[in-house]
Amino acid sequence: MDIEQKQAEHIDYFVKQASALKGSALNNVISEATSHPSLFAFSEILSVTNVVELEGTENSIYLDLLRLFAHGTWSDYKSIAGRLPQLVPDQVLKLKQLTVLTLAETSKELPYDQLMQELDVTNVRELEDFLINECMYVGIVRGKLDQLKRCFEVQFAAGRDLRPGQLGNMLQTLTDWLTTSDNLLISIQEKIKWADTMSESDRKHRKEVEERVDEVKKSLSLKKLQTVSRPMLTSEGMRRSTLNLVE
């Protein structure tokens, strides 16, 4: 079962749980969701009405916690840790995994030094073990560990939830891409049309050349026949003249 299908099943489960509970009863659901080893998307849970209604209540810190896991990183948590529930080890691991996904969104070559700083990892061995066992083995990223260049080359990374305002930027990027694609398609079509025109012109030119060659061949053949016929007529005339003289 691929990661997308697993995500869909877990999301559906937690959305149903959140839809059936209110207030402080949602705290455990959010804690469980953010600790789940196979759940890396939270926007659907965030959009549940009962979860949204935590805003401004004494339980709003759990809404903030869910938002952190949807859009934030380990560095973000450290800057606001005093305003959030203390994380359990599974949540710490999850947030560091999500941090790798965020970094992979901006670059496909992640330096070890940057990763160690963002993840609070003290040495390369610990970092590589984390990337292999907690990221690649889990299936959220695929890539190559380049010890010579001291970097992680990302080949695939699972997508994270869209941050507020990110959808507009993404739509603009897609619009620009579509415009570029349309212009490229028009250019290709024009080149194909030009190639077809040149091909037709070349075909006509070849036909004309072949017709001229045939005409030249016919002309040469006729001249050859004329050249061969003239000596024969001359010999016959001479024979007749000789006979006339004898008579």
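Residues numbered from 1 in each chain as written. Predicted model: local features only at pLDDT ≥ 70, side-chain atom pairs only at ≥ 80, totals over all residues. Heavy atoms only, no water.

- The name recorded for the protein chain in an unreviewed UniProt entry is COP9 signalosome complex subunit 7 isoform X2, from Nicotiana tabacum.
- Per UniProt, the protein chain has the following entry under Sequence similarities (unreviewed entry): "Belongs to the CSN7/EIF3M family. CSN7 subfamily." (UniProt positions renumbered as here; feature names shortened; annotations may be inferred.)

1. Description of the overall build of the protein chain
Point 1. Secondary structure assignment for the protein chain yields ten helices and three strands.
Point 2. Starting at the N terminus, the α and β elements of the protein chain follow one another as α-α-α-α-α-α-α-β-α-α-β-β-α.
Point 3. Relative to its 247 residues, the protein chain shows a buried fraction of 30%.
Point 4. Restricting the contact set of the protein chain to residue pairs at least 6 apart, pairs at least 24 apart contribute 57%.
Point 5. Only carbon and sulfur atoms are counted for the fraction: they give 55% of the accessible area of the protein chain, which is about 16500 Å². (Helix = DSSP H or I, 4+ residues; strand = E, 2+ residues; numbered from the N terminus. Buried < 20%, exposed > 50% of the residue type's maximum accessible area, 1.4 Å probe, protein only. Contact = heavy atoms within 4.5 Å. Areas by Shrake-Rupley, 256 points an atom, 1.4 Å probe, with all protein chains shown as cover.)

2. Some words on unusual backbone geometry
Point 1. Its identity is not glycine, yet Asp120 carries a phi of approximately 60°, on the positive side.
Point 2. Residue placement: Asp120 occurs in the loop between helix H8 (112-119) and helix H9 (124-136).
Point 3. Asp120 gets classed as partly exposed once you look at its relative accessible area, which sits at 39%.
Point 4. You will see that Arg150, though not glycine, has its phi angle at about 55°, which is positive.
Point 5. As for its position among the elements, Arg150 is in the loop between strand E2 (141-146) and strand E3 (151-157).
Point 6. Taking relative accessible area as the criterion, Arg150 reaches 36% and is therefore assigned partly exposed.

3. Re the packing of H8 against H9
Point 1. Their axes nearest at 10 Å, the elements H8 and H9 cross at an angle of 80°. Here H8 is positioned roughly perpendicular relative to H9, judged by the angle of their axes. Across from Tyr112, Leu115, Met116 and Leu119 in H8, the residues of H9 making contact are Val124, Leu127, Glu128, Phe130 and Leu131.
Point 2. For the contact of H8 with H9, the class distribution of residues is eight nonpolar, no polar and one charged. (Axes fitted to C-alpha atoms, helices over the stretch in contact; angles between N-to-C directions. Parallel < 35°, antiparallel > 145°, perpendicular 65-115°, else oblique. Nonpolar A, V, L, I, M, F, W, Y, C, P; charged D, E, K, R; others polar.)

4. With respect to the pairing of E3
Point 1. Bridging between strand E1 (residues 109-111) and E3 involves three bridges; their strand directions are antiparallel. When the bridges of E3 are listed, Pro111 appears paired with Cys151.
Point 2. Hairpin connection of E2 to E3: four residues between the antiparallel strands, including Arg150 at a positive phi of 55°. (Pairing = 2+ DSSP bridges.)

5. Describing a negative patch on the surface
Point 1. Together, Glu208, Glu210, Glu211, Asp214 and Glu215 make up a region of like negative charge exposed at the surface.
Point 2. Looking at where Glu211 falls in the secondary structure, it is placed in helix H10 (residues 166-246). (Patch = residues over 30% accessible without salt bridge, like charges linked within 9 Å, V, L, I, M, F, W, Y side chains within 5 Å. Salt bridge = Lys/Arg side-chain N within 4 Å of Asp/Glu carboxyl O. Lys, Arg positive; Asp, Glu negative; His and termini not counted. Charge placed at Lys NZ, Arg CZ, Asp CG, Glu CD.)

6. Examining H8
Point 1. Along H8, the residues that are buried comprise Tyr112, Leu115, Met116 and Leu119. The arc enclosing the buried residues of H8, seen along the axis, measures out at 100°, which places them on a common side.
Point 2. At the C-terminal side of H8, Asp120 shows a positive phi close to 60°. (Arc of directions from axis to C-beta.)

7. Some words on the packing of aromatic side chains
Point 1. Overall, the coordinates contain three aromatic pairs when judged by the stated rule.
Point 2. For the pair Tyr13 and Phe14, a centre-to-centre distance of 5.0 Å together with 80° between the ring planes defines the contact as edge-to-face.
Point 3. Owing to a relative accessible area of 40%, Tyr13 belongs among the partly exposed residues under this scheme.
Point 4. On the numbers, 6.1 Å between centres and 75° between planes, the contact of Phe42 with Phe69 is edge-to-face. Here Phe42 is found in the loop between helix H2 (25-35) and helix H3 (43-46), whereas its partner Phe69 is found in helix H5 (residues 60-71), with 27 residues between them in sequence. Each member of the pair, Phe42 as well as Phe69, carries the same accessibility label: buried.
Point 5. Between Lys94 and the ring centre of Phe40, over which it is positioned, the NZ or CZ distance is 5.1 Å.
Point 6. In this structure, Lys96 packs its charged tip against the face of Trp74, placed 5.1 Å from the ring centre. (Phe/Tyr/Trp six-rings, centres within 6.5 Å; stacked < 30°, edge-to-face > 60°. Lys NZ or Arg CZ within 6 Å of the ring centre and 35° of its normal.)

8. So, the sheet that holds E3
Point 1. In space, the three strands of this open sheet follow the order E1-E3-E2, with antiparallel pairing throughout. For this open sheet the edge positions go to E1 and E2, each flanked by a neighbour on one side alone. Taking each pair of neighbouring strands and ignoring which way they run, the sheet shows an average axis angle of 30°.

9. Structural notes on a nonpolar patch on the surface
Point 1. A contiguous nonpolar patch, built from Leu184, Ile188 and Ile192 and spanning about 270 Å² of accessible area, is present on the exposed surface.
Point 2. The topology assignment puts Ile192 in helix H10.
Point 3. Residue classification places Ile192 among the partly exposed residues on the basis of a relative accessible area of 46%.

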